[in-house]
Amino acid sequence: MRVIFEKSTPGRRGVGFPPSDVPAHAVLPPECLRATRAELPEVSELEAVRHFTRLSQRNFSVDTNFYPLGSCTMKYNPKFCEVVARLEGFSQLHPLLPQLRRGGMLTQGALGVLYETARLLCEITGMAQFTMQPLAGAHGELTGAMIIAAYHRQQGKRKTRVIIPDSAHGTNPASAAIAGYEVVVAPTGDRGVLDAQTVEELLSDEVAALMLTCPNTLGLFNSQIREIADLIHGVDGLMYYDGANLNALLGRARPGDMGFDVVHLNLHKTFGAPHGGGGPGAGPVGVVERLAPFLPTSVVEKRSDGTYSLQYDRKDSIGYVAPFYGSFGVIVRAYAYLLLLGGDCLKSVSGNAVLNANYVLARLKDHYEVAFDRRCMHEFVLSASRQARMGVKALDVAKGLLDRGIHPPTVYFPQTVPEALMIEPTETESKETLDAFVAAMIEIARLAEQDPDALHEAPTQTPVGRLDEVAAARNQDTSYTPPAPPVEQ
Amino acid sequence: MRPEDCLYTQEHEWLHKEGNEATVGITDYAVSQLGGITFVELPEEGQRVGKGEPMASVESVKAVSDICAPASGTISAVNTALADEPQLIDEGPYEGGWICKIVLEEQGELEELMDAEAYRKHVEALPE
Amino acid sequence: MDYIGNTDAQRQEMLKATGAASIDELFEDIPAALRAHAFDLPPGMSEMEVRTRLERLAKNNAVDLVLFLGGGFYDHYVPSAADAILQRGEFYTAYTPYQPEASQGTLQAIYEFQTALCRLTGMEVANASLYDGGTALFEAAMMALRITGRNKIILDSGVSPIYRNMLYCYTSNLNIEFVEVPVYNGRTRRDVVAQRLDEDTAAIIIQNPNFFGFVDDLSDVVEMVHRVGGLAIMCFYPISLGLLKTPGEMGVDVAVGEGQSIGLPLSFGGPYLGLMATRKEYQRQMPGRLVGATTDREGRRGFVLTLQTREQHIRREKATSNICTNSALCALAALTYLTLVGKEGIREVARLCADKAAYASQRLDAIPGVQVSRDAPFFNEFVCKLPADAGDVVGHMVEKGFAAGFPLGRYYPGMERHLLVALTERRTKEEIGAFAEALEGVL
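What you see is a predicted model, and the numbers here were worked out from it, not measured in a lab.

1. Description of the state of the cysteines
What makes a disulfide is a covalent bond joining the sulfur atoms belonging to two cysteines. With the rule as written, the count across this model stands at 0 disulfides over all chains. Cys376 of chain A takes part in no disulfide bond, and the closest cysteine sulfur to it belongs to Cys214 of chain A, at a distance of 14 Å. By relative accessible area, Cys376 of chain A is classed as buried at 3%. Of all cysteine sulfurs in the structure, the one in Cys169 of chain C sits closest to Cys235 of chain C, which takes part in no disulfide; the separation is 17 Å. What makes Cys235 of chain C buried here is its relative accessible area of 4%.

2. Comments concerning the packing of helix H6 (residues 133-148) of chain C against helix H7 (residues 161-170) of chain C
All names here are of chain C. H7 packs onto H6 with a crossing angle of 50° between their chain directions and a minimal axis gap of 9 Å. In terms of their interaxial angle, H6 and H7 are classed as oblique. Here H6 runs over H7; the crossing is right-handed. From H6, Gly133, Gly134, Thr135, Leu137, Phe138 and Ala141 reach across to H7, where they touch Tyr163, Met166, Leu167 and Tyr170. In terms of residue class, the contact of H6 with H7 is made up of 7 nonpolar, 3 polar and no charged.

3. With respect to the interface of chain C and chain A
The interface is formed by 194 residues belonging to chain C together with 203 residues belonging to chain A. Both faces combined, the contact of chain C with chain A buries some 17300 Å², and carbon together with sulfur accounts for 61% of it. Its largest share of buried area at the contact with chain A, chain C owes to Glu101, Phe268 and Lys343 of chain C, together 6% of the area lost on that side. At the boundary of chain C with chain A, the tally comes to 15 salt bridges. Close ionic contact of Glu28 of chain C with Arg375 of chain A constitutes a salt bridge, the shortest N to O distance being 3.3 Å. Run the count over chain C and chain A and you get 98 residue pairs in polar contact (both at pLDDT 80 or more). When residues in the side of chain C that touches chain A are grouped by element, the largest group, 26 residues, is from helix H11 (residues 328-365) of chain C. When grouped by side-chain class, the residues that make up the side of chain C that touches chain A number 94 nonpolar, 53 polar and 47 charged.

4. Focus: the interface of chain C and chain B
At the interface, 4 residues of chain C touch 8 residues of chain B. Between the two partners, chain C and chain B, sit 1 salt bridge. Our count for the chain C to chain B interface comes out at 1 residue pair in polar contact (both at pLDDT 80 or more).

5. Here's the deal with the domain arrangement of chain C
Frequently, the measure chosen for interface size is the accessible area removed from exposure when the parts meet. All names here are of chain C. Along its sequence, chain C is carved into domain 1 (15-55), domain 2 (67-77 + 342-442) and domain 3 (80-337). When each unit is reduced to the centre of its C-alpha atoms, the spacing between domain 2 and domain 3 is 27 Å. Taken residue by residue, the interface counts 32 residues in domain 2 and 30 residues in domain 3. Counting each side, the surface lost to burial between domain 2 and domain 3 is near 2500 Å², with a carbon and sulfur contribution of 69%. Among the residues domain 2 hides against domain 3, the three largest losses belong to Phe73, Phe379 and Tyr412. Together they make up 26% of the total. Among the elements that make up the side of domain 2 that touches domain 3, the one with the highest residue count is H11 (8 residues). Partitioned by chemical class, the residues of the side of domain 2 that touches domain 3 number 21 nonpolar, 6 polar and 5 charged.

6. Points about the nonpolar core
Formed by 338 residues in total, the largest nonpolar core has its most connected members in Phe271 and Leu382 of chain A together with Leu364 and Phe382 of chain C. Other than its neighbours up to four places away in sequence, Leu382 of chain A contacts Leu361, Leu364, Tyr368, Glu369, Val370, Val417, Glu419, Ala420, Leu421, Ile423 and Met441 of chain A. Listed in part, the 27 residues of the second largest apolar core include Val31, Leu88, Cys100 and Leu104 of chain B.

7. Section: the sheet that holds strand S3 (residues 182-186) of chain A
Residue and element names in this part refer to chain A. Taken in spatial order, the 7 strands line up as S1-S7-S6-S5-S4-S2-S3 in an open sheet, and their pairing is mixed. Each having just a single partner strand, strand S1 (129-131) and S3 make up the two edges of the open sheet. The mean inter-strand angle of the sheet, taken between neighbouring strand axes irrespective of direction, is 25°. Contacts between helix H6 (residues 171-178) and the sheet are confined to strand S2 (161-165), S3, strand S4 (207-213) and strand S5 (238-242), with S2 contributing the most and set at about 175° to the helix. Across the face of the sheet, helix H8 (residues 225-234) comes into contact with S2, S4 and S5 while running at roughly 135° to S5.

8. Overview of the environment of Ile147 of chain A
Topologically, Ile147 of chain A is positioned in helix H5 (residues 137-154). Dropping the residues within four chain positions of it, Ile147 of chain A is found in contact with Val285, Val287, Leu291, Phe294, Leu295, Pro296 and Ile318 of chain A.

9. Section: the packing of aromatic side chains
Enumeration over the complete set of coordinates arrives at 29 aromatic pairs over all chains. Relative to Phe328 of chain A, the ring of Phe90 of chain A has its centre 5.7 Å away and its plane inclined at 65°; by these criteria the two rings are edge-to-face. With Phe90 of chain A in helix H3 (residues 88-91) and Phe328 of chain A in helix H10 (residues 328-364), this pair connects stretches of sequence that are 238 residues apart. Note on Phe90 of chain A: relative accessible area 1%, which makes it buried. Judged by relative accessible area, which is 0%, Phe328 of chain A ranks as buried. Summarising the aromatic geometry, the rings of Phe324 of chain A and Phe73 of chain C are spaced 4.8 Å apart at their centres and angled 75° between planes, so their arrangement reads as edge-to-face.

10. What to know about the pattern of salt bridges
It is possible for side chains of opposite charge to pair when their charged atoms get near one another. A complete count under the given rule lists 65 salt bridges over all chains for this structure. Here Glu344 of chain C makes a salt bridge to Arg37 of chain A, at a shortest N to O gap of 3.0 Å. Remark: Arg37 of chain A occurs in the segment before helix H1 (45-56) and Glu344 of chain C occurs in helix H11; the pair is interchain, linking two chains. A relative accessible area of 31% places Glu344 of chain C in the partly exposed class. As a salt-bridge pair, Lys51 of chain B and Glu112 of chain B come within 3.5 Å of each other at their nearest N and O atoms. Taken together, the positions of Lys51 of chain B in the loop between strand S5 (48-49) and strand S6 (54-60) and Glu112 of chain B in the loop between strand S9 (100-104) and helix H4 (116-124) put the pair 61 residues apart, joining distant regions of the chain.

11. Points about the domain arrangement of chain A
Residues and elements named next belong to chain A. The assigned domain composition of chain A is domain 1 (82-340) and domain 2 (345-465). Once you take the C-alpha centre of each, domain 1 and domain 2 turn out to be 31 Å apart. Counting the surface lost from both domain 1 and domain 2, the interface buries some 2000 Å², and carbon and sulfur atoms represent 60% of this. Taken together, the links from domain 1 to domain 2 amount to 8 residue pairs in polar contact (both at pLDDT 80 or more).

12. Considering the sheet that holds strand S14 (residues 381-385) of chain C
Ordered by their spatial adjacency, 4 strands build an open sheet running S13-S14-S17-S16 (chain C), and the pairing between neighbours is antiparallel. At either margin of the open sheet sits one strand with a lone partner, and together these are strand S13 (371-372) and strand S16 (406-407) of chain C.

13. Here we look at empty space enclosed by the protein
All names here are of chain C. By the definition in use, this model includes 13 cavities of 30 Å³ or more. Its volume calculated, the largest cavity comes out at about 230 Å³. Taken together, 20 residues line the largest cavity, and the ones lying closest to its centre are Gly72, Tyr74, Gln207, Phe236 and Tyr237. Tallied by class, residues from the lining of the largest cavity come to 8 nonpolar, 10 polar and 2 charged.

14. Focus: the pairing of strand S11 (residues 380-383) of chain A
The two faces of a sheet get side chains in turn, since along a regular strand they alternate between them. Residues and elements named next belong to chain A. Going residue by residue along S11, you find Phe380 and Leu382 tucked away on one face and Val381 and Ser383 tucked away on the opposite face as well. Across 4 bridges, the pairing between S11 and strand S13 (residues 420-423) is antiparallel. If you follow Ser383 over to S13, its bridge partner there is Ala420.

Criteria and thresholds
- Along each chain, residue indices are assigned from 1 in the same order as the chain's sequence is written.
- Going through the entries in the order they are written, you letter the chains from A and number the ligands from 1.
- This being a predicted model, a pLDDT of at least 70 is required before a residue's local features are given, and a value of 80 or more before pairs of side-chain atoms are given or counted; all residues contribute to the totals for chains, interfaces and linings.
- With hydrogens and water excluded, all non-hydrogen atoms of the structure serve as input to the side-chain values.
- Cysteine sulfur atoms are paired as a disulfide whenever they come within 2.5 Å of each other.
- Partly exposed describes any residue whose relative accessible area lies between the buried limit of under 20% and the exposed limit of over 50%, with all areas from a 1.4 Å probe on protein chains only and scaled to the type maximum.
- Axes here mean lines fitted to C-alpha atoms, for a helix over just the part in contact, with angles spanning 0 to 180 degrees between N-to-C directions.
- Only DSSP runs of H or I reaching four residues or more are called helices, and only runs of E reaching two or more are called strands; each is numbered from the N terminus.
- When describing relative orientation, an angle under 35 degrees is termed roughly parallel and one over 145 degrees roughly antiparallel, while 65 to 115 degrees is termed roughly perpendicular and anything else oblique.
- It is the rotation of the near helix from the far one that decides the hand of a crossing: anticlockwise by less than a right angle makes it left-handed, clockwise makes it right-handed.
- Between two residues, a contact is recorded if the distance between any of their heavy atoms is within 4.5 Å.
- Three categories are distinguished: nonpolar for Ala, Val, Leu, Ile, Met, Phe, Trp, Tyr, Cys and Pro, charged for Asp, Glu, Lys and Arg, and polar for the others, with Gly belonging to the last.
- Values labelled buried area give the accessible surface lost by two parts on being combined, using a 1.4 Å probe and summing over both.
- The rule for a salt bridge is simple: a side-chain nitrogen of Lys or Arg has to be within 4 Å of a carboxyl oxygen of Asp or Glu.
- Identification of polar contacts relies on pairs of N or O atoms within 3.5 Å, with a donor-acceptor requirement for protein atoms, meaning one able to donate a hydrogen and the other able to accept it, and with residues adjacent in sequence counted only if both atoms are side-chain atoms.
- Note that the domain bounds reflect an automated or database-derived domain assignment.
- Residues grouped as a nonpolar core are buried Ala, Val, Leu, Ile, Met, Phe, Trp, Tyr and Cys residues, joined through side-chain atoms within 4.5 Å.
- For two strands to count as paired, DSSP must find a minimum of two bridges between them.
- Geometry of aromatic contacts follows a simple scheme: Phe, Tyr and Trp rings, the Trp one being its six-membered ring, pair when their centres are within 6.5 Å, and the pair is stacked under 30 degrees between planes, edge-to-face over 60, tilted otherwise.
- Lining residues are those with an atom within 4 Å of a point, where the points come from a 1 Å grid over the protein atoms alone and group into cavities, where a 1.4 Å probe fits but cannot get out, or pockets, open sets with protein on both sides within 12 Å along at least five of seven lines.
- Grid points are joined across faces, edges and corners, and a volume is the space filled by probe spheres set on the points.

Structural data, given as structure tokens:
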């Protein structure tokens, strides 16, 4: 499809502005002005709308396709949440208003949303206090790691290492490294989870924290979690909970009760906010009481008269991780979702998420190898290694699913499982959809045996086929340049 | 360079000795595993490298791999053509895709490398 | 309301397939002692009830104030078509485009966004966006450290204090030396910069227009840092580039900015959009996603995420950044804004902002005791000195229906009587007049 710049016609425009109504003309010195015009598109509103609508139709999305992308929790995003995030009282609110004198009173509703959302998340996770500031999951991880560093610094302890299992999301080691830590990789045990004994062997006084996703990326809950937490606490280390997979535990178990000290959540995974094609998200961080002084500045507090205020005077705080109070628009969506759900529905979310995953696992385990053949939580990992021996790799399975109108699972992750296919159906999908997915997966397994080449050609039903990523990396065409006009002879 | 005349490391670098100098590159097996080289980070001429130390890296769309010096010495020449045409490695890892030349410090180090036959067996024994 | 698709009968059927007797049995890996008891949470509500509650909260915010408040975050008009496009579920309910054949919409949009940003800033390569302007600035600083292998950063105090605070927060565990250079008469102090620059300098960070709204040609400062082998990082305000000299034209190495002004609502501080663009030679050191054009087997043009080996999901602890996503939907908002406004419109908006600021400054200057700082030219925001504490004045102006500006004393000690006033194309002559009268009234 042509890019918008190719649809440009000089003089055409998509929106008009009123003529200036002021009798003044700013005089800016010529050396401060741009020499050439910014070559932005020149299209009518209709052309723009048609272009972007057509582009949208070249996407798979939760609204249009089953999207069982493991560890991403692609659940349905209620339309209601979009509507309330656009209420003018929220969307038109200037973030600097509360920094004006007595300005907090100008934004009581918004501060209320932040405070109440944090309170609900505290109860769900068993944490004492939350900051809503981190702007995405990985941002939450970095914030959490900085809180841990600040805590140990205040204790006068020199801690340099963070233990992270080999099955962890790549952001965990990246975040720990950026916070200044050396990463110690812990191997996954025979049962698919981190063994307490492994932790014991890696333990030393230098260990600042263990970062854990629980259930882990294999969809398995670690029954030894309390034991592991005791070990880490024994060297005054802290337990970090990566909330990517909290959907499995909603209303049933709390990270706080398991011994975790720091938790980040992904509002765009667990709490109904959309993924936006890769952001924006929100990654609030919760901590136990003794870490609360280190939370980022500012913190929303509730006064005895029921009004809210922003607290900036925090001497132990790690400082400012975001320009303001977080991805407020995303937080409003999650708050609306939490209010809809209430305490009573939390359990049905996790229950149905786990049932859906186990159902698909039970239906597929005779057709694909299973990374760990046991019951799973909200997701599980298959391996296409049986198919790979016939020349059909996990990637080919993924492309085969695209032709069947299904977004593929997460592939080649976790890296500890060869030809991994990580499947997370979520609670909002119906049995009919799951059955259609199972049928497609079985058909692909059969094709792998009978006609592997058909899968190598896939996808053929999408707007483009397999793309040449090597050429993309070599050519580095990351910005459109019009072809040079033909030279006249 | 003829592959049968080269010496090899377990990590799939080859070395071709020419007097007290040697040409270094990566093997066709390494190329097949990476699948399409998209970028090469080259060492600098005059740089001293120790045996087994990372001195360059190659990138594909899937991975980044360090290239370690098969022997200690000083870099005497660099294949600068790779900066613009990394695909030279895919096209001919033993020819246009050589990476650099090293003036060898200790000829004795070469004894620890495999000959072509030993390397062939090493690759065959690797899991698919 | 839980949005669950299955019926009880279906659940029973599915349980049978799993071999479990009940849903609770599926959770048996969780030791009994760790299972939470009762949760202290309100019962679920219907959409109607939640809507009433949220509308009440929304009304409890002062959005009826006429905004003369900016500080890097502005009340610009967003064309209706832009939000209509954002509401396409195909865009906002998709994930990061890991499967390119199923994500051409998002990928092409990001490619177009990167193109638009390059053309706006005069830079060679832009990434798919970061979280916000502040995190983009931190990432730019880290880039400069990696590229130069040095550890000293010179920070102009005309750079937004909000971003400077973030920069200090993120680097607190790292070994980086920051040197702040004061602003004099609204401009970057060339003499002080010259003294501070040395062979250890990784970068200088400057902003144009600076936090006070002043506009400058910083080409000479860029040249100064280049002479010692350091990089120039510039924070920019995208709307201003409809008129102003671009970071590219000034020779800047890394340009970063907040994209809120181009198509995003103020939304109480987020979600926003971190903009980053650089030179081609530094592309590999740039964090964040990047989309590249290529072709499929049949020669059809398509788009993919490229140079992913820089990123955390491959490099893990060796990644250039821990950021694993972009603000894709916000980038789409910016792209649709820049498309609808277009080549002509971006200049018009910038011109309207500057003219209204010029007019407002004349009106305020005419008030006895008020003095607009004219040390340097300004774009859409300017500083005026009041005969009273600016914080108090702003408080009184709220009662008259105006968010009068930002009292600079909060971040700049000694400037307690200085007010930063912002104008956008949305402010009318009538509003500006009423604002001037109200201000005169409260002084």
